[in-house]
Amino acid sequence: MSILNKIANIIIILSISYQATSEVKELTILHTNDLHAHLFPRIAPWISESRKIGGFANLATLVKQEKRLNPNNILIDAGDYFSGPYISTLTKGEAVIKSMNFLGIDAACIGNHEFDHGWDNMLIQIEKANFPILNGNLFFEGTDQLVWDNPYIILERDDLKIGIIGLHGKFAFYDTINFKMTEGIEARDEEEYLRKYIKELKPKTDIIILAVHQGMPGRQSSIGLTDVERNLYKDILLARNVPGVDIIVTGHAHQGTEKALVSNGTIIVSTNATATELGKLQIKYDTEKEMIISHSNQLITIFDDELEDDKDMLREINYWQDEVDVIASLPVTSTAEKLVRAYGEESNMGNLFADAIKAFDERIDIALVNSGALRQDIEAGLVTKGDLISAFPFPNTVVITKLKGSQVKKIFDHAAGMTNGILQVSENVKYSFRPGNTAKNIAINGELLSDNQEYWVAAPNFVTQGGDGYLEFNNSLEYIDSGVLVVDATEIFLKGIDIYQPKYGGRIKVLN
Ligand code: FE
């Protein structure tokens, strides 16, 4: 063979092998976040007044359909599966994990609400998952031992190696978890650990995906326009500061990305919370350029009337519903009107819980409830124990603290800042504020708050332990944890009332 022929042969071989390596592969990343135990479909008035939305049996069917249509696929969940309807609270999350086993999840990270019944319970429950749960930055205090030792996995689809990392935002961990539930464990800087895991995964993978739970806490509201401005800024920043992540699937903000965000080349997606939709990110990956060359995202609303129930899922969730029904169906009272929530203004549900806490102990001057604790409306008519637990699903206790007026002012100023939703107050308390500003005209029993006077201030222990950023409670002059659950105090408050008349108006004034 002449030299020219040899060269020609080499060129042919090279071009064949070039064609073999240059290939565009498609991958569908289905994604969910903040499912919050919404196992059953329900009316979500902000989507439709008449058509039921969501539910795990519908979601499971939709996932199966999408997986069938898009053979190269992964389903990733970005955390906060616990805490929502009472089925989660009454089973400490077990009903949720066991049901998630029928969703077809390929990887999930841990969210703040997985800690609602303590970190030890979280470990017991997530052990029951048949899908990989990932976290790489929560440690036993002062040790190098991960609380849940599974920082990442590598999955393979159509010869593509996909690394998936799970992290929890450090700020979100300390901002939104009841400190009592995380005693002995600590969150470490997500940026540092992301860099570390990218370094470990880079040589072994084609695509790196981060499932993370971080950022602004999710809005909890059914009325109102003055809600906290929420966005995915934390994720944008993380992508900016740490190169090397192809895709971030994020949770916590309850903020859907109709169109995926892109920051520093990283694609960021999230869904609106409570299992109302399935996210569907489709990417094209060029094996020669070794990069994602195009993407498109979609949020598919889960309409109950468009989807058949998945039979296995239905059996599972019905089993759990029967288990908890005995307690949940106990009647408490009736309400003359629907009880609704608001995150940035007064609400009649906030007023109910605040009044119930106020009535708990006659010493209490001021009763407060964090708006974020209220998770589900209660329809007019019969109110059951289950309704109360779904409305306030956290095992928070009533705490009574003694504070000086100047300290109370700081607490209301933080509420007015609107980083975590405002404080709902008992009937004898009034205040006004301009969102993002400070609180004004705080009055107790018709008298303006006095800086040097001491007050007994009661609130759920989540708040009095500094949750949602209410750190001034750490300087309380006295601190009494009653050990009584807020839900139980509310049940006691309502028990003697035949028909409860919701109260609304005059407590909180939003200035424009
Ligand atoms: Fe969250």
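These numbers come from a predicted model, not from an experiment.

**Quick word on the environment of glutamine 407**
Residue position: glutamine 407 is located in helix H12 (residues 405-416). Judged by its relative accessible area of 8%, glutamine 407 falls in the buried class. Non-local contacts of glutamine 407, meaning those with residues more than four positions away in its chain, are made with Glu472, Asn475, Ser476 and Leu477. One polar contact links the side chain of glutamine 407 to the main-chain carbonyl oxygen of asparagine 475, over a distance of 3.0 Å.

**What about the sheet that holds strand S25 (residues 454-460)?**
Spatially, the five strands line up as an open sheet ordered S21-S18-S25-S20-S26, and their pairing is mixed. Both edges of this open sheet fall to strand S21 (423-425) and strand S26 (478-485), since each of them pairs with a single strand only. Neighbour to neighbour, the strand axes of the sheet diverge by 30° on average, direction disregarded. As paired elements, strand S18 (residues 366-370) and S21 share three bridges and run antiparallel to each other. Opposite valine 369, over in S21, you have glutamine 424 as the bridge partner. Relative to S26, helix H14 (residues 486-495) is tilted by about 70°, and along the sheet it contacts strand S20 (397-404), S25 and S26.

**Comments concerning the sheet that holds strand S17 (residues 331-335)**
What the three strands build is an open sheet, ordered S19-S17-S27; its pairing is mixed. Every interior strand has two partners, whereas the edge strands, strand S19 (381-384) and strand S27 (499-500), have only one. With four bridges joining them, S17 and S19 adopt antiparallel strand pairing. What sits directly across from threonine 333, in S19, is valine 383.

**Here's the deal with the nonpolar core**
Among the nonpolar cores identified, the biggest contains 76 residues, and Tyr81, Met100, Leu103, Ile133, Phe353 and Phe392 are the most heavily contacted of them. For this core, the element with the most residues is helix H2 (residues 56-69), which contributes six residues. Taken domain by domain, the makeup of this core includes at least three residues from each of domain 1 (22-320) and domain 2 (329-510). If we skip the residues at most four places from it in the chain, phenylalanine 353 touches Val369, Leu374, Leu388, Ala391, Phe392, Val486 and Thr490. With 27 residues, the next largest nonpolar core counts Ala415, Phe433, Ala439 and Tyr455 among its residues.

**A word on the pairing of S25**
Buried residues dominate S25, accounting for six of its seven residues. Where S18 and S25 come together, two bridges link them in parallel fashion. Residue pairing in the sheet places isoleucine 366 in a bridge with valine 457 of S25. Sheet topology places S20 next to S25; seven bridges connect them, and they run antiparallel. Bridged to valine 399 within S25 is alanine 459.

**Here's the deal with a nonpolar patch on the surface**
Together, Val24, Met291 and Ile293 make up an exposed nonpolar region whose accessible area comes to about 250 Å². Among the structural elements, valine 24 can be located in strand S1 (residues 24-32). A relative accessible area of 43% means that valine 24 is categorised as partly exposed.

**Topic: the coordination of the iron ion**
Looking at the metal site, the iron ion is ligated by Asp80 (OD), Asn112 (OD1), His213 (NE2) and His252 (ND1), spaced 2.1 to 2.3 Å from it. Taken together, the four donor atoms coordinating the iron ion span angles of 79 to 179° at the metal, a pattern that classifies the geometry as irregular. Counting residues between consecutive donors of the iron ion along the chain gives the motif D-x31-N-x100-H-x38-H. One end of the pair, aspartate 80, is in the loop between strand S4 (73-77) and helix H3 (86-90); the other, histidine 252, is in the loop between strand S12 (247-251) and strand S13 (261-263), with 172 residues separating them in the sequence. Taken individually, aspartate 80 and histidine 252 each receive the classification buried, so the pair is uniform in this respect.

**With respect to the domain arrangement of the protein chain**
Partitioning the protein chain into structural domains gives domain 1 (22-320) and domain 2 (329-510). Centre-to-centre separation of domain 1 and domain 2, based on C-alpha positions: 31 Å. Contacts between the two partners involve 32 residues from domain 1 and, on the opposite side, 34 residues from domain 2. Summed over both sides, the interface of domain 1 with domain 2 buries roughly 2500 Å², with 53% coming from carbon and sulfur. Linking domain 1 with domain 2 are one salt bridge. With a closest N to O distance of 3.2 Å, aspartate 481 and lysine 180 form a salt bridge. Inspection of the region where domain 1 meets domain 2 yields eight residue pairs in polar contact (both at pLDDT 80 or more).

**Thoughts on the pattern of salt bridges**
For the structure shown, the criterion picks out 30 salt bridges. Its salt-bridge partner being lysine 385, residue glutamate 491 comes within 2.8 Å of it at the nearest N-O pair. Placement of glutamate 491 in helix H14 and of lysine 385 in helix H11 (residues 385-391) is noted, with a sequence separation of 106 residues between them. A residue is classified by how much of its surface remains accessible, and lysine 385, at 15% relative accessible area, is buried. Through salt bridges with shared partners, a single network forms among Lys385, Asp488, Glu491 and Lys495.

Criteria and thresholds
The residue numbers shown here count from 1 along each chain, following its written sequence. Local features in this predicted model are restricted to residues of pLDDT 70 or higher, and side-chain atom pairs are both shown and tallied only at a pLDDT of 80 or more, whereas totals for entire chains, interfaces and linings draw on every residue. Note that the side-chain values use all heavy atoms of the structure and ignore hydrogens as well as water. Under the DSSP-based scheme used, a helix requires at least four consecutive residues in state H or I and a strand at least two consecutive residues in state E, with every element numbered from the N terminus. When a residue's accessible area, from a 1.4 Å probe over protein chains only, is under 20% of the maximum for its type it is buried; when over 50% it is exposed; and in between it is partly exposed. Here, residues are in contact when the closest pair of their heavy atoms is within 4.5 Å. For the purposes of these results, a polar contact is taken to be a pair of N or O atoms within 3.5 Å, where, inside protein, one atom must be able to donate a hydrogen and its partner to accept one; residues adjacent in sequence count only when each atom of the pair is a side-chain atom. Between any two strands, pairing holds if DSSP finds at least two bridges. In this description, a line fitted to the C-alpha atoms serves as the axis of each element, helices being fitted only across the stretch in contact, and the angle between N-to-C directions of two axes falls anywhere from 0 to 180 degrees. The criterion is simple. A nonpolar core is a set of buried Ala, Val, Leu, Ile, Met, Phe, Trp, Tyr and Cys residues joined through side-chain atoms within 4.5 Å. Boundary definitions for the domains trace back to an automatic or database domain assignment. Note that patches include only residues with greater than 30% relative accessible area and no salt bridge, and the join distances are 9 Å for like charges and 5 Å for nonpolar side chains (Val, Leu, Ile, Met, Phe, Trp, Tyr). The accessible surface values rely on the Shrake-Rupley method and a 1.4 Å probe; as for residues, cover is taken only from the protein chains in view. Salt bridges are counted wherever a side-chain nitrogen of Lys or Arg sits within 4 Å of a carboxyl oxygen of Asp or Glu. Note: metal donors comprise N, O and S atoms at 2.8 Å or less from the metal (3.2 Å for Na, K and Ca); water molecules are not included, so apparent gaps in a site are possible. When four donors show all angles between 85 and 135 degrees the site is tetrahedral, when four or six donors have opposite pairs over 155 degrees and all other angles between 65 and 115 it is square planar or octahedral respectively, and in every other case it is irregular. Two parts placed together each lose some accessible area; with a 1.4 Å probe, that loss summed over both constitutes the buried area.

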